[in-house]
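Residues per chain are reported as follows:
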Amino acid sequence: MSTPLDVEVREALERKRGAWRQVAADTGVSYSWISQFVRNKIPNPGYATLVRLRDELAKPSKVAA
């Protein structure tokens, strides 16, 4: 059985805590929205938003050279 998309994204955001401002900038999803979503304050987050976040969070981390 696969993990629901909202749970998958919430877990990925927890792993990237501290990088949410960059995730917000890269996806166009506000930092405030991300923060509220992780705290379960958004009851219906929207499929397109979750997919955008999931796709961004799946990318390898950017490391400064």
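Relevant structure appears above.
Note that the coordinates shown come from a computational prediction; the quantities given were computed from them, not determined experimentally. The numbers attached to residues start from 1 for each chain and follow its sequence in the written order. Side-chain atom pairs in this predicted model are given and counted only at pLDDT of 80 or more, local residue features only at pLDDT of at least 70, and totals for whole chains, interfaces and linings cover all residues. Side-chain numbers come from the whole structure's heavy atoms, not from hydrogens or water.

Undergrad: Pulling in residues and values, what's your account of the packing of aromatic side chains?
TA: Centre-to-centre distance and the angle between the planes together describe a pair of aromatic rings. Ring geometry is summarised as follows: Phe, Tyr and Trp rings, the Trp one being its six-membered ring, pair when their centres sit within 6.5 Å, and such pairs are stacked at plane angles under 30 degrees, edge-to-face over 60 and tilted between the two. Applying the stated criterion across every chain yields a total of 2 aromatic pairs. Ring geometry for W20 versus Y31: centroids 6.2 Å apart, planes at 55°, classification tilted. In this pair, W20 sits in helix α2 (residues 20-27) while Y31 sits in helix α3 (residues 31-38), placing the two residues 11 residues apart along the sequence. Both rings, one in W33 and one in F37, keep their centres 5.2 Å apart while their planes meet at 10°; by these two values the pair is stacked. With a gap of 4 residues between them, W33 and F37 both fall in helix α3, about one helical turn apart. Between the NZ or CZ atom of R21 and the centre of the ring of Y31, over which it lies, the distance is 4.0 Å. Comment: elements are numbered from the N terminus, with helices defined as DSSP H or I runs of at least four residues and strands as E runs of at least two. Two limits define a charge over a ring: the Lys NZ or Arg CZ must be within 6 Å of the ring centre, and within 35 degrees of the ring normal.

Undergrad: With reference to specific residues and values, describe α3.
TA: Relative accessibility thresholds used throughout: buried, under 20% of the residue-type maximum; exposed, over 50%; partly exposed, between the two (1.4 Å probe, protein chains only). When we look at burial in α3, the residues that qualify are W33, I34, S35, F37 and V38. Contacts made by the buried residues of α3 are with α1 (5-15), α2 and α4 (47-58). Directly beyond the C-terminal end of α3, a positive phi value near 60° is found at N40. We call two residues contacting when some pair of their heavy atoms lies within 4.5 Å.

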